[in-house]
Amino acid sequence: SQTIHQWPATLVQPVGSPLSLECTVEGTSNPNLYWYRQAAGRGLQLLFYSVGIGQISSEVPQNLSASRPQDRQFILSSKKLLLSDSGFYLCASPWDSAGGYTFGSGTRLTVV
Amino acid sequence: GQQVMQIPQYQHVQEGEDFTTYCNSSTTLSNIQWYKQRPGGHPVFLIQLVKSGEVKKQKRLTFQFGEAKKNSSLHITATQTTDVGTYFCAGHGGSNYKLTFGKGTLLTVNP
């Protein structure tokens, strides 16, 4: 079965500082990978998705970027965080023929 | 772009009462998925519906996909405190790569 690892679980960063969140996937090869953000405990907003190494599609123009340096690794970055970047960041991947997505346990980011 | 709307935003019920959340898409969906997110947790996949008019059941949960494949519902019979959480619908529209989520319905259950 597929497992998605995310770290750290929580993060408090000052405005203007850089960010790097990592997501790694076990139990599958060449997965489609997604970064979602959930603000204020509600709706999930798709930020980026990747169908392969080095392939990134951006859904929302913003202060963030994503990279996929390895097959099972997906990284979310920012050079300078804004207050509005606070939220719950979730990495996800479709996992089997049932079509559902597996989510990592997420990173709660607070920008202060 | 594709939009997925859910109502209600919040629902508070007494334990034992039924609960229904509704999902509507601005475009025809190739499939609809449902997720549950417990407070403080991450979304967990419940089920996927693909066929027009499809109905699936998981114990006390009944999921329906509309005939036009633009709407769906989740019905919980005789809610329990373990049903507490936010229920999201999500659908693939024109792109199989993009799963668009509704804003969710937060269910609270009074024991």
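Refer to the preceding data block for the structure.
Note that the coordinates shown come from a computational prediction; the quantities given were computed from them, not determined experimentally.

**Let's talk about the overall build of chain B**
Part 1 of the reasoning: Check the secondary structure of chain B and you find zero helices and 11 strands.
Part 2 of the reasoning: Starting at the N terminus and walking to the C terminus, you meet the elements of chain B as β-β-β-β-β-β-β-β-β-β-β.
Part 3 of the reasoning: Dimensions of chain B, computed from C-alpha atoms along their principal axes, come out at roughly 40 × 25 × 20 Å.
Part 4 of the reasoning: When the 111 residues of chain B are sorted by exposure, 46% land in the buried category.
Part 5 of the reasoning: Put simply, 54% of the contacts in chain B that link residues at least 6 apart link residues at least 24 apart.

**Points about the state of the cysteines**
Part 1 of the reasoning: Tallied over the entire structure, the rule returns two disulfides over all chains.
Part 2 of the reasoning: The disulfide bridge from A:Cys23 ends at A:Cys91, spanning 1.9 Å between sulfur atoms. Between A:Cys23 and A:Cys91, the S-S torsion sits near -65°, and that sign places the bridge as left-handed. Separated by 68 residues along the polypeptide, A:Cys23 in strand E3 (residues 19-26) and A:Cys91 in strand E9 (residues 87-94) bring together distant segments of the chain.
Part 3 of the reasoning: What makes A:Cys23 buried here is its relative accessible area of 0%.
Part 4 of the reasoning: The buried category is assigned to A:Cys91, whose relative accessible area is 0%.
Part 5 of the reasoning: With a sulfur-sulfur separation of 2.0 Å, B:Cys23 is cross-linked through a disulfide to B:Cys89. Every disulfide takes its handedness from the sign of the S-S torsion; for B:Cys23 and B:Cys89 that torsion is 80°, giving right-handed.

How each quantity is defined
Residues numbered from 1 in each chain as written. Chains lettered and ligands numbered in written order. Predicted model: local features only at pLDDT ≥ 70, side-chain atom pairs only at ≥ 80, totals over all residues. Heavy atoms only, no water. Helix = DSSP H or I, 4+ residues; strand = E, 2+ residues; numbered from the N terminus. Buried < 20%, exposed > 50% of the residue type's maximum accessible area, 1.4 Å probe, protein only. Contact = heavy atoms within 4.5 Å. Disulfide = S-S within 2.5 Å.

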